[in-house]
Amino acid sequence: MTTTLANDLSLRLRIEALFADYVQCIDDDALEQWPDFFTGDGVYRVTSRENLSLGLPVCLVYCEGRGMMADRISAMRTANIFEPHTYNHSISALKILSVAVDGIRTQSNFAVFRTMADGNMSLFNCGRYMDRIVEDNGVLKLADRLVVLESRRIDTLLVIPI
Amino acid sequence: MDDGSVAARHETDFRWPHSDTSQTPYRVYTDETLYALEQQRIFQGPVWNFIGLECEIPNPGDFKTTFAGDAPLIVVRDRDGNINAMVNRCAHKGSLVCFKPRGNVQELTCVYHNWVYDLAGNLTGVAFRRGVNGKGGLDPEFDLKKNGLQRLRVETYRGLIFGTFSDRTPPFRDYIGPELCANIDRVFPKKLKVLGYHSQVLPNNWKLYVENNKDAYHASLLHVFHNTFGVVRPTMGGGIKLSDNGWHHLSYTVRNKDSDDVVGKEQVRSLKDQYKLQDVRMMEHKLELGDYTTNAIQTIFPTTVVQQILNALAMRQLVPKGVDKSELIWTILGFEDDDVDMQELRLKVNNLVGPAGLISMEDGCVGGWVQTAAKADPTAQTVMPMGGRNIEPTEGSRVTEAAVRGFWKGWRELMGV
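Quantities reported herein were computed from a predicted structural model and do not represent experimental measurements. (Residues numbered from 1 in each chain as written. Chains lettered and ligands numbered in written order. Predicted model: local features only at pLDDT ≥ 70, side-chain atom pairs only at ≥ 80, totals over all residues. Heavy atoms only, no water.)

1. Details of the overall build of chain A
Part 1 of the argument: What chain A contains, in helices and strands, is 3 helices and 7 strands.
Part 2 of the argument: Seen in sequence order, chain A has helices and strands lined up from the N terminus as α-β-α-β-α-β-β-β-β-β.
Part 3 of the argument: For 162 residues, the compact-globule estimate of 2.2 N^0.38 gives 15 Å, and chain A sits close to it at 16 Å.
Part 4 of the argument: Projected onto its principal axes, the C-alpha positions of chain A cover 50 × 35 × 30 Å.
Part 5 of the argument: Considering chain A as a whole, with its 162 residues, one finds that 50% of them fall into the buried category. (Helix = DSSP H or I, 4+ residues; strand = E, 2+ residues; numbered from the N terminus. Rg over C-alpha atoms; globule rule 2.2 N^0.38 Å. Buried < 20%, exposed > 50% of the residue type's maximum accessible area, 1.4 Å probe, protein only.)

2. Description of the domain arrangement of chain B
Residue and element names in this part refer to chain B.
Part 1 of the argument: The assigned domain composition of chain B is domain 1 (49-155) and domain 2 (184-415).
Part 2 of the argument: For the pair domain 1 and domain 2, the summed buried surface comes to about 980 Å²; carbon and sulfur atoms form 59% of the total.
Part 3 of the argument: Looking at the side of domain 1 facing domain 2, the largest losses of area belong to Phe-50, Leu-53 and Cys-55, adding up to 48% of the total buried there.
Part 4 of the argument: Taken together, the links from domain 1 to domain 2 amount to 0 salt bridges.
Part 5 of the argument: Across the contact surface, domain 1 and domain 2 share 5 residue pairs in polar contact (both at pLDDT 80 or more).
Part 6 of the argument: A total of 4 residues in the side of domain 1 that touches domain 2 trace back to one element, the largest contributor, which is strand E1 (residues 49-53).
Part 7 of the argument: In terms of residue class, the side of domain 1 that touches domain 2 is built from 5 nonpolar, 3 polar and 3 charged. (Domains from an automatic or database assignment. Buried area = accessible area lost by both parts, 1.4 Å probe. Salt bridge = Lys/Arg side-chain N within 4 Å of Asp/Glu carboxyl O. Polar contact = N/O pair within 3.5 Å; in protein donor to acceptor, adjacent residues only side chain to side chain. Nonpolar A, V, L, I, M, F, W, Y, C, P; charged D, E, K, R; others polar.)

3. Topic: the nonpolar core
Soluble globular proteins tend to pack their nonpolar side chains together in the buried interior.
Part 1 of the argument: Of all hydrophobic cores here, the largest spans 127 residues; its most connected members are Tyr-22, Tyr-44, Leu-158 and Ile-162 of chain A together with Phe-188, Phe-225 and Trp-411 of chain B.
Part 2 of the argument: Sorting elements by how many residues they give to this core places helix H1 (residues 3-27) of chain A first, with 8 residues.
Part 3 of the argument: In this structure Trp-411 of chain B touches Phe-14, Trp-16, Val-28, Leu-34, Glu-38, Ile-42, Trp-206, Lys-207, Phe-301 and Val-417 of chain B, once residues within four positions along its chain are discounted. (Core = buried A, V, L, I, M, F, W, Y, C linked by side-chain atoms within 4.5 Å. Contact = heavy atoms within 4.5 Å.)

4. Quick look at the interface of chain A and chain B
Part 1 of the argument: Facing the 32 residues of chain A at the interface are 41 residues of chain B.
Part 2 of the argument: Here chain A meets chain B over a buried area of about 3,400 Å², counting both sides, of which 56% is carbon and sulfur.
Part 3 of the argument: Where chain A packs against chain B, one counts 4 salt bridges.
Part 4 of the argument: Here Glu-64 of chain A and Arg-281 of chain B are joined by a salt bridge, their closest N and O atoms 2.6 Å apart.
Part 5 of the argument: Linking chain A to chain B there are 21 residue pairs in polar contact (both at pLDDT 80 or more).
Part 6 of the argument: Of all the secondary-structure elements, those providing two or more residues to the side of chain A that touches chain B are helix H2 (49-53), strand E2 (61-64), helix H3 (66-78) and strand E7 (153-155) of chain A.
Part 7 of the argument: When residues in the side of chain A that touches chain B are grouped by element, the largest group, 8 residues, is from H3 of chain A.
Part 8 of the argument: Residue composition of the side of chain A that touches chain B, by class: 18 nonpolar, 6 polar and 8 charged.

5. Points about empty space enclosed by the protein
Residue and element names in this part refer to chain B.
Part 1 of the argument: Inspection of the entire model under this criterion finds 6 cavities of 30 Å³ or more.
Part 2 of the argument: Empty space within the largest cavity amounts to approximately 290 Å³.
Part 3 of the argument: Around the largest cavity, the lining is made up of 20 residues, and of these His-218, Ala-219, His-226, Asn-295 and Ile-297 lie nearest the centre.
Part 4 of the argument: Those elements that provide at least two residues to the lining of the largest cavity are helix H5 (206-214), strand E13 (249-254) and strand E14 (293-300).
Part 5 of the argument: Of the residues contributing to the lining of the largest cavity, the split by class is 7 nonpolar, 9 polar and 4 charged.
Part 6 of the argument: What the second largest cavity holds in volume is close to 80 Å³. (1 Å grid on protein atoms, 1.4 Å probe; cavity = no way out; pocket = protein on both sides within 12 Å on 5 of 7 lines; lining within 4 Å. Points joined across faces, edges and corners; volume = space filled by probe spheres on them.)

6. Describing the packing of H5 of chain B against helix H10 (residues 402-415) of chain B
Residues and elements named next belong to chain B.
Part 1 of the argument: Packing of H5 against H10 leaves a shortest axis separation of 8 Å and a crossing angle of 140°. It follows that H5 is oblique to H10 by the angle criterion. Between H5 and H10 lies a crossing of right-handed hand. Contact residues: Trp-206, Lys-207, Val-210, Glu-211 and Lys-214 in H5; Ala-403, Val-404, Phe-407, Trp-408 and Trp-411 in H10.
Part 2 of the argument: Split by residue class, the contact of H5 with H10 holds 7 nonpolar, no polar and 3 charged. (Axes fitted to C-alpha atoms, helices over the stretch in contact; angles between N-to-C directions. Parallel < 35°, antiparallel > 145°, perpendicular 65-115°, else oblique. Left-handed = near helix turned anticlockwise from the far one by under 90°.)

7. Some words on the packing of aromatic side chains
Part 1 of the argument: Following the criterion strictly, the structure yields 25 aromatic pairs over all chains and no others.
Part 2 of the argument: Relative to Phe-162 of chain B, the ring of Phe-50 of chain B has its centre 5.9 Å away and its plane inclined at 65°; by these criteria the two rings are edge-to-face. Of this pair, Phe-50 of chain B sits in strand E1 while Phe-162 of chain B is found in strand E10 (residues 160-164), placing the two residues 112 residues apart along the sequence. With respect to burial, Phe-50 of chain B and Phe-162 of chain B carry one shared label: buried.
Part 3 of the argument: The lysine or arginine in question, Arg-145 of chain A, covers the ring of Tyr-129 of chain A, its NZ or CZ lying 3.5 Å from the ring centre.
Part 4 of the argument: Note that Lys-241 of chain B overlies the ring of Tyr-252 of chain B, its terminal NZ or CZ placed 5.3 Å from the centroid. (Phe/Tyr/Trp six-rings, centres within 6.5 Å; stacked < 30°, edge-to-face > 60°. Lys NZ or Arg CZ within 6 Å of the ring centre and 35° of its normal.)

8. A word on the pattern of salt bridges
Part 1 of the argument: With the rule as written, the count across this model stands at 29 salt bridges over all chains.
Part 2 of the argument: Where Arg-12 of chain A meets Glu-16 of chain A, a salt bridge forms, and the shortest distance between an N and an O atom there is 3.8 Å. Here the residue Arg-12 of chain A and the residue Glu-16 of chain A both occupy positions in helix H1, the gap between them amounting to 4 residues, near one helical turn.
Part 3 of the argument: Owing to a relative accessible area of 28%, Arg-12 of chain A belongs among the partly exposed residues under this scheme.
Part 4 of the argument: Relative accessible area serves as the criterion here: at 38%, Glu-16 of chain A is assigned to the partly exposed category.
Part 5 of the argument: Two residues, Arg-389 of chain B and Asp-20 of chain B, come together in a salt bridge whose shortest N-O distance is 3.3 Å. Linking Arg-389 of chain B in the loop between helix H9 (362-374) and strand E18 (394-395) with Asp-20 of chain B in the segment before helix H1 (27-30), this pair joins segments that are 369 residues apart in sequence.
Part 6 of the argument: By sharing partners, the salt bridges in this structure join Glu-64 of chain A together with Asp-279, Arg-281, Glu-344 and Lys-348 of chain B into a single network.

9. Re a nonpolar patch on the surface
All names here are of chain A.
Part 1 of the argument: Together, Phe-113, Met-121 and Leu-123 line one region of the surface with nonpolar side chains, adding up to about 300 Å² of accessible area.
Part 2 of the argument: Its location among the elements puts Phe-113 in strand E4 (residues 103-116).
Part 3 of the argument: Accessibility expressed as a relative area gives 31% for Phe-113, which makes it partly exposed. (Patch = residues over 30% accessible without salt bridge, like charges linked within 9 Å, V, L, I, M, F, W, Y side chains within 5 Å. Areas by Shrake-Rupley, 256 points an atom, 1.4 Å probe, with all protein chains shown as cover.)

10. Quick word on the packing of helix H2 (residues 32-43) of chain B against H10 of chain B
Residue and element names in this part refer to chain B.
Part 1 of the argument: Two elements in contact, H2 and H10, have axes whose closest approach is 9 Å; the angle formed by their N-to-C orientations is 85°. Here H2 is positioned roughly perpendicular relative to H10, judged by the angle of their axes. On H10, the residues touching Leu-34, Leu-37, Glu-38, Arg-41 and Ile-42 of H2 are Trp-411, Leu-414 and Met-415.
Part 2 of the argument: The class makeup of the residues in the contact of H2 with H10 is 6 nonpolar, no polar and 2 charged.

Laid out in structure tokens, this is it:
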């Protein structure tokens, strides 16, 4: 195995591990740890394929910095009212687009299945993560995660991050 | 044009069980016949339906498709710059003429059999009109002029486009009245720009969402974020305005110039004085409209909402999708002359609203809870006693259900029940 191939594989495995940890944090309802997957000034946005393709900037969720992400979670825990539900994420088709000094750009597909307290399960949405990942003290962190929902339709509401 | 309230094709045995509208039977949310009647008597009756924005179709040939009730519509700008709205249904076999959400066209062509309409909906061409080899072709008696797309009357106001099926609908200004026109003037004083769209599928009858918008009583109680962060408190200044006929309303909140950052001490279940945002940028409010109004939610009967929440401006259009489902389409707005900072501020404050909005998401689920509970007993009823039984505006308090009662008054008048 050449060194380059080994490096590529090693990077891919590290990114896959980051994503696995990320979705398991959400799916396990450990949301207080969710902002830690980002850099301190990391950006998290959720938009639709429609808005993105029309070049329209509004997002469903727009957090700049861990503080805003933490606010989302504490609002969810203490203020927002909704029927209890859980997510199960599937991630696939990780593609490393580029590796540059300001980070590694990747895209990957996701699907989120939502299960309500009564057992009703549905495909909540699927789409694509568009990410910029940086190394922070030897740990990979999300500097920018753009969640592009395939469907603009949100069933009922969106409160748990994707 | 058809006037559904006169030429009813459905009938119902439903009769309103009271002399006033301070109680509603649950049947109004679950009855399929009433839903069909609403299409004729309300959405295709003497009302103005919000169907788009002028800035969405700036150039000749630009079109968008949308709905008024169940009726699919094409909204298009013609070569003279006029905006036309037609039912999106080919005169021939009834296919959708436009099946894309938006675009630009020279003319409107139904792909099924290539029948062609101009941008005013006039039928201008029929494929194989003369047949083939002198055989087949169009019946010589057939009059193209009588077979255009069904047209709506259209009016624009401050960049908003409204359409009506009825000749009886008064001009838009008279429809909502001067006081409510003044709020649209206030919220949309300049050229608008679309910042994006959201779509939220609500598991409930359309009227439950309309009532929710007219119900200022719930705002500080259900949307706990309000109290927790002091965005809206029941004791803040503001009130309810109503059109003379009670159909349309405006609920507004005015912040105190001096103590706008103080969380109140009201006795509401959720108040958490200790709770602070780590990052307040999504709550920033730049006074851009010349006053201290922080929230203004205006409804236009039947299904239109004009929204100002801090600097988050939007039009909300509710589309019924059967008796127990509806789609709420949010068009998020800014002004054409917003600079980079202003746009960024709007994007941040939009965290508060929309399907994931910190102060609006609950509206997505609460209607479904009523829908689920209502089904079991259509004769059981709601009670709406807050603020008495009247349909009067109030100054200085939003603890009233007057605007909800006003909605049901309008619904009864158009439904004839």
